[in-house]
Amino acid sequence: MLSDPIVALATAPGRSALALVRLSGVGTFEIAAKVIEDFMSEPARTGRLAAFRAPAGDPIDRGLYFAYSSPNSFTGDDTVECTCHGGLVVPAQLVAAFQAAGARPALPGEFTRRALLNGKLDLLQAEAIGDLIDATATAQARTALHQLDGALSRRIGALRERLLDLLALLDYDVDFPEEDDGPIPRERIAAAMAALSADLAQLLATSPVGERLRQGALVVLAGRPNVGKSSLFNALLGTERALVTAEPGTTRDTIEAHVEFEGWPVRLADTAGLWDAPGQLDRLGVDVSRRYLGAADLVLVCVEAEGEVEPEDRELLKTRPALLIRTKTDRRKDGTTDGDGLHVSAVTGAGLDLLRRAIAGALFDSGKLADADLEPMLTRERHRQALTRAGSELDQARGMMGPAGEPVLVAHHVRQAALSLDELIGVVDVEEVLDRVFSRFCVGK
Ligand code: GDP
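Notes on the structure in this doc start here. No experiment lies behind these values; they were computed from the predicted model shown.

## Some words on the site of the ligand
(1) Moving on: Residues in contact with the ligand amount to 14 residues; listed here are only the nearest, Asn226, Ser230, Ser231, Asp330 and Ala346.
(2) Moving on: For the ligand, a nitrogen atom lies 2.7 Å from a polar atom in the side chain of Asp330.
(3) Moving on: Within the complex, 70% of the 580 Å² of free accessible area of the ligand lies under protein.
(4) Moving on: Tallied by class, residues from the shell around the ligand come to 4 nonpolar, 5 polar and 5 charged.

So, in structure tokens, the structure goes:
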């Protein structure tokens, strides 16, 4: 059933001071009354202290609960949220009590899915909730919040409205074909199409940075052995909050860490083995390194401050978005920093802040993005594909606008373009799209 009562722990399981258990759906208040002592659904949105008990009577905890009456809740259905003590036992007992009283465990993302189906938010906003929770850098959280606020939805909604206006003009043309040019000058329709096409393209152009922002930009350290890549990797992470993982399946792993440079999300990778003499090394390691270099949004080509820039280094600097890094500057006896590139020392930490700033600037145009009122951005492949589809439908429509053009066919393509945007916002019921989006959510969301 679409609105049967569901329950889940909304906070992360494990040791914590408090936990939040969420219950929502038709019949929520009856179920709550079997577990929460002296339960009252009114006044809504008011915290009350109460004892929580299993329906059989066993005490569980004392805590606060809030009742929300439909439609004024996150899901749009009647909802109760209980704050209890955290840890492994109490929250699980509370969830079990609500189940014993008639609720079923929620599926991943089911609360948000209901919110969407009840019109409390659209698909772009639902995705933004996931992004906000998954954010590891300030800029990601800010973009997600902006999207949750409806900024991207409004932008896409406005484009969709203009497509529908265009359709209305075209339908008019179909209904009154007897006049030579139709009652609406073709130039006017063509101009509206051209403007719309340009605005679609402008929004589409935000997707490289938007997707990079959501996923974290891949920055790969490269250079000859012993130039100081691993030391620089560690030094860059040193003061940063980092989660380090190793690319599996190789004896010489590529190490990857999620870090935040100046608020921007970066996946920093230390590749092993690319420049080592072949034969000494596991081929897999080289393959992994090459794959990383091929996918890199930015390569840090490392050479020693006192060393030469080798032909392989020059090649990388030419073929990839790259920064030249001069390492081990502390070793220079005269203390000079001549030679192009950014001069750093993993030992003294000199130049590291400058390097972080340079990386953020190169990847995100950070100065501009940070200052400006954040423009909505396309942050997912799903968004990019929908906009691309809409753009190509509109292009086809424009291609048919000549004197021999058939207004019915033109209208068909414009309608398809509008449908792509509908699917993006989730105004049409596209089960498959919903399944794909919500399968990645965690339970309790
Ligand atoms: P990789 O093979 O490129 O990863 O290089 P490593 O990070 O393993 O460093 C190679 C050697 O250079 C090690 O002995 C490091 O201690 C040394 N080294 C690395 N960075 C610096 C630095 O900034 N200053 C100095 N003086 N030595 C460094």
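Now that the structure is up, let's keep going.
## Focus: the packing of helix α1 (residues 28–35) against helix α2 (residues 90–100)
(1) Moving on: Axis separation between α1 and α2 bottoms out at 9 Å; the angle between their running directions is 125 degrees. The orientation of α1 relative to α2 falls into the category oblique. With respect to the hand of their crossing, α1 and α2 are arranged in right-handed fashion. Listed contacts from α2 to Ile31, Ala32 and Val35 of α1 are Leu94, Ala97 and Phe98.
(2) Moving on: For the contact of α1 with α2, the residue count by class is 6 nonpolar, no polar and no charged.

## So, the pattern of salt bridges
(1) Moving on: In the structure shown here, the tally under the stated rule is 24 salt bridges.
(2) Moving on: Put simply, Arg326 and Asp340 hold a salt bridge, and the shortest N to O gap is 2.9 Å. Of this pair, Arg326 sits in strand β12 (residues 322–327) while Asp340 sits in the loop between β12 and β13 (342–343), placing them 14 residues apart in sequence.
(3) Moving on: The exposure class of Asp340 is exposed, given its relative accessible area of 52%.
(4) Moving on: With a closest N to O distance of 2.9 Å, Arg356 and Asp353 form a salt bridge. Note that Arg356 and Asp353 are positioned in helix α12 (residues 352–364) at a spacing of 3 residues, about one turn of the helix.
(5) Moving on: You can call Arg356 buried: its relative accessible area is 7%.
(6) Moving on: Each of Glu127, Asp131, Arg214, Arg380 and Arg382 takes part in a single network of salt bridges with overlapping partners.

## A short note on unusual backbone geometry
(1) Moving on: Following Glu42, the chain continues into Pro43 via a peptide bond in cis, with omega recorded as -10 degrees.
(2) Moving on: As for its placement among the helices and strands, Pro43 is situated in the loop between α1 and β3 (48–53).
(3) Moving on: The step from Ser70 to Pro71 runs through a cis peptide bond, and the omega angle for that step is 5 degrees.
(4) Moving on: With respect to the helices, strands and loops of the structure, Pro71 is situated in the loop between β4 (59–68) and β5 (79–87).
(5) Moving on: Despite not being glycine, Asp38 has its phi angle at roughly 50 degrees, a positive value.
(6) Moving on: Structurally, the position occupied by Asp38 is in the loop between α1 and β3.

Definitions and limits used
Residues numbered from 1 in each chain as written. Predicted model: local features only at pLDDT ≥ 70, side-chain atom pairs only at ≥ 80, totals over all residues. Heavy atoms only, no water. Near = heavy atom within 4 Å. Polar contact = N/O pair within 3.5 Å; in protein donor to acceptor, adjacent residues only side chain to side chain. Areas by Shrake-Rupley, 256 points an atom, 1.4 Å probe, with all protein chains shown as cover. Nonpolar A, V, L, I, M, F, W, Y, C, P; charged D, E, K, R; others polar. Axes fitted to C-alpha atoms, helices over the stretch in contact; angles between N-to-C directions. Helix = DSSP H or I, 4+ residues; strand = E, 2+ residues; numbered from the N terminus. Parallel < 35°, antiparallel > 145°, perpendicular 65-115°, else oblique. Left-handed = near helix turned anticlockwise from the far one by under 90°. Contact = heavy atoms within 4.5 Å. Salt bridge = Lys/Arg side-chain N within 4 Å of Asp/Glu carboxyl O. Buried < 20%, exposed > 50% of the residue type's maximum accessible area, 1.4 Å probe, protein only.

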